[in-house]
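This is what each chain is made of:
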Amino acid sequence: MKKTIFITGGAGFIGSHVIRLFVNKYPNYKIVNIDKLTYAGNLENLKDIEKASNYIFEKADIVDKKVIDELFAKYKPDGIIHLAAESHVDRSITNPTEFIYTNIVGTVNLLNAAREIWAENIQDKRFYHISTDEVYGSLGDNGLFTEKTAYDPKSPYSAAKASSDHLVRAYNHTFKLPVVISNCSNNYGPNHFPEKLIPLAINNIKNMKPIPIYGKGENVRDWLYVIDHAKAIDAIYHNGRDGETYNIGGNNEWTNINLIKHLCKVMDKKLNRTPGASELLITFVKDRAGHDLRYAIDSTKLMTELGWKPSLQFEEGLEKTVDWYLANEDWLNNVVSGDYQKYYRDMYECK
Ligand code: NAD
Ligand code: DAU
C-alpha cells in the first residue's frame, strides 16, 4: 500500500460513492472509512466493497478527540477527505447544537490530529474539506456563486459549514497545513437518505402519499449527479492546488415545483400509472424557516484547471435514480423504518 487515506462520513450518501470510487480505482491506497453511523450512516451503502483488501471501516465519532487522535496514531494517514457532517437543513433548524459539535468541533479535531501527525513531514500530505454552496447564502434571480463570493450563511447548517471552512483556511494560513476545499451544489442519486427532497418525493409517490412542497415551490437548486461529485473530489484531491477552493455544480437549475412535476411524469411512466396521476399528490406545506431562494454554481475554475465536467444530463440521471430506488426496495424500507417514522411525523404531520 502506497498511501493511507481517511475518508470521514463514508457510510453516508456522498461518502459511500467516494469510498467506492477510491477503493476500486486505487488498489494501492488503503482507504479507512471513519463514520459514527448516525441515522444517516448506513453500511448497506458499501456492501459491494466491504470485503475489499484495501478497505477498512472504523466506527468513530469525530467529536471524540481521544478516539480521533488514536486513529491518527494507529494509521498515520497521508490524506484526509472529510465528508462527515450533519447535513440536513431542516434538522439544523429544529436542533442546531448537534451541527455545531459535528461540523465545527469535529472538523477542528481532525485538523489538530492532522497537524500533529504531519508535524515532522508535510510532504505529499493533504487535508481535503468537503463543503457546500450554502455557505454563500442565497442568490436573487440572477448571478452565480464563484469562489470569490463572500460568505453569507443563513441556516444553522450552513453557518456551521461556513465556520468549518474558515477554520480549514485558517489552519492553512497559520500552520501551513496543506488543505484544499470544495463547495458543491445539491447532489442527487442512489443511496440518498429520504429526508431530502428527491428521495422523499420518490418514496411518497411510490406509496401514493402527499409530496410536501415548501411555500410555493419557487426555490431554485442546482442539481448534480452524486457520482459526478465523487469524480470531482477525485480530481481535486489529486490535482487541486494547495490552499485553493473549487466550486462544483451541475449547471442545472430547477425550481422545486418544476423538478417535482418532472419527477411525477417519470414515476407515472415507471409505475404504469395514468399520466398525471402522481402530480395529484403534490401538496404545498408551510415554508422552511429562512428558506434560501436560489443556489447556482459557477464551476469554471474546476472545469478549466482540472478538466472536470458533469457526465450526465439531469433527465438521464433522474431516471437512473428512480430506477435505483425502485430496484432497491429493501434499502428504502430499511431506512424508512424506526426513527425515520418519528422524524416524518414530527416534521410533516404535526405542522
Ligand atoms: P449524509 O448525511 O448522507 O452523511 C453524513 C455521514 O456522516 C453519515 O454517514 C454519518 O453517519 C456521518 N457522521 C455524522 N456525524 C458524524 C460524527 N460526529 N462522526 C463521524 N461520522 C459522522 O451527508 P451527505 O449528503 O453525504 O453529505 C456529505 C458531505 O457533503 C457533508 O459534509 C455535506 O455538508 C457535504 N455536501 C452535501 C451535499 C448534498 O447535496 N448532499 C452538497 C454539497 C456538500
Ligand atoms: O446545496 C447543497 C446542499 O443541498 C447540501 O449542503 C445539503 O447537505 C443538502 O441537504 C442540500 O440542502 P437543501 O436544503 O437544498 O436540500 P433539501 O433536499 O432538503 O431541499 C431541496 C429543496 O426542496 C429546498 O428548497 C427545500 C425543498 N423541500 C425540501 C423537502 C425535504 C421541499 O419543498 N419539501 C421537502 O419536503
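Just so it is clear, the structure is predicted and the values come from calculations on it, not from any experiment. (Residues numbered from 1 in each chain as written. Chains lettered and ligands numbered in written order. Predicted model: local features only at pLDDT ≥ 70, side-chain atom pairs only at ≥ 80, totals over all residues. Heavy atoms only, no water.)

**Let's talk about the site of ligand 2**
And then number 1: With respect to spatial proximity, 23 residues lie near ligand 2, and among them D133, Y157, R288, H291 and Y348 are the closest.
And then number 2: Between ligand 2 and D133, the relevant distance is 2.5 Å, taken from an oxygen atom to a side-chain nitrogen or oxygen of the residue.
And then number 3: In the model, an oxygen atom of ligand 2 is placed 3.3 Å from a nitrogen or oxygen of the K196 side chain.
And then number 4: Relative to its unbound accessible area of 690 Å², ligand 2 is 95% covered by the protein chains.
And then number 5: The element that contributes the greatest number of residues to the shell around ligand 2 is strand β8 (residues 211–214), accounting for three residues.
And then number 6: Residues of the shell around ligand 2, tallied by class, amount to nine nonpolar, eight polar and six charged. (Near = heavy atom within 4 Å. Polar contact = N/O pair within 3.5 Å; in protein donor to acceptor, adjacent residues only side chain to side chain. Areas by Shrake-Rupley, 256 points an atom, 1.4 Å probe, with all protein chains shown as cover. Helix = DSSP H or I, 4+ residues; strand = E, 2+ residues; numbered from the N terminus. Nonpolar A, V, L, I, M, F, W, Y, C, P; charged D, E, K, R; others polar.)

**Digging into the pattern of salt bridges**
And then number 1: Evaluated as defined, the whole model comprises 20 salt bridges.
And then number 2: Taken together, the shared-partner salt bridges in this structure form one network comprising R241, E244, K301 and E305. (Salt bridge = Lys/Arg side-chain N within 4 Å of Asp/Glu carboxyl O.)

**Things to note about the packing of helix α6 (residues 197–206) against helix α8 (residues 256–270)**
And then number 1: Remark: α6 packs on α8, axes separated minimally by 11 Å, with the N-to-C direction vectors making an angle of 40°. As the angle between them shows, α6 and α8 are arranged oblique. Once α6 is placed against α8, the crossing between them reads as right-handed. Contacts between α6 and α8 involve L197, I198, A201, I202, I205 and K206 on the former and, on the latter, N256, L259, I260, L263, C264 and M267.
And then number 2: Residues that form the contact of α6 with α8 fall into these classes: 10 nonpolar, one polar and one charged. (Axes fitted to C-alpha atoms, helices over the stretch in contact; angles between N-to-C directions. Parallel < 35°, antiparallel > 145°, perpendicular 65-115°, else oblique. Left-handed = near helix turned anticlockwise from the far one by under 90°. Contact = heavy atoms within 4.5 Å.)

**Examining the nonpolar core**
Side chains that are nonpolar tend, in soluble globular proteins, to be buried together.
And then number 1: By size, the foremost hydrophobic cluster in this structure holds 37 residues, and its most contacted members are I198, I211, I260, L263 and F314.
And then number 2: When contributions to this core are tallied by element, the ones reaching two or more residues are α6, β8, β9 (220–225), α8, α10 (314–327), α11 (329–335) and α12 (339–349).
And then number 3: Top element by residues in this core is α8. It accounts for seven residues.
And then number 4: Once you skip the residues sitting within four places of it in the chain, F314 turns out to touch Y188, I198, W223, N252, W254 and L259. (Core = buried A, V, L, I, M, F, W, Y, C linked by side-chain atoms within 4.5 Å. Buried < 20%, exposed > 50% of the residue type's maximum accessible area, 1.4 Å probe, protein only.)

**Description of helix α1 (residues 13–25)**
And then number 1: In this model α1 runs 19 Å from its N-terminal to its C-terminal C-alpha over 13 residues, within 8% of the 18 Å that 1.5 Å per residue would give.
And then number 2: Of all 13 residues in α1, 10 are buried; the element is thus mostly enclosed.
And then number 3: Buried within α1 we find F13, I14, G15, S16, H17, V18, I19, R20, F22 and V23.
And then number 4: Among the structural elements, β1 (3–8), β2 (29–35), β3 (55–59), β4 (79–82), β7 (186–188) and α7 (226–239) are those in contact with the buried residues of α1. (Expected span 1.5 Å × (residues − 1).)

**Digging into the side chain of E58**
And then number 1: With respect to the helices and strands, E58 occurs in strand β3.
And then number 2: Side-chain polar atoms of E58 contact the side chain of Y75, separated by 2.5 Å.
And then number 3: Excluding its chain neighbours within four sequence positions, the residues that come into contact with E58 are V32, N33, I34, D35, L71, K74 and Y75.

**Thoughts on the pairing of β4**
On a regular strand, each side chain points to the face opposite its neighbour's, so the side chains alternate between the two faces of the sheet.
And then number 1: Judged by which residues are buried, β4 turns out to be covered on both faces: G79 and I81 on one side and I80 and H82 on the other are all buried.
And then number 2: As paired elements, β1 and β4 share four bridges and run parallel to each other. Bridging across to β4, I7 finds its partner in I81.
And then number 3: Pairing of β4 with strand β5 (residues 126–132), which is carried by four bridges, proceeds in the parallel orientation. Its bridge partner being in β5, G79 is matched across the sheet by R126. (Pairing = 2+ DSSP bridges.)

**So, the packing of aromatic side chains**
And then number 1: The final tally for this structure, using the stated rule, is 22 aromatic pairs.
And then number 2: Note on W324 and Y325: the rings are 4.9 Å apart at their centroids and 85° apart in plane angle, and the pair reads as edge-to-face. Take W324 and Y325: they sit in the same class, and that class is buried. (Phe/Tyr/Trp six-rings, centres within 6.5 Å; stacked < 30°, edge-to-face > 60°.)

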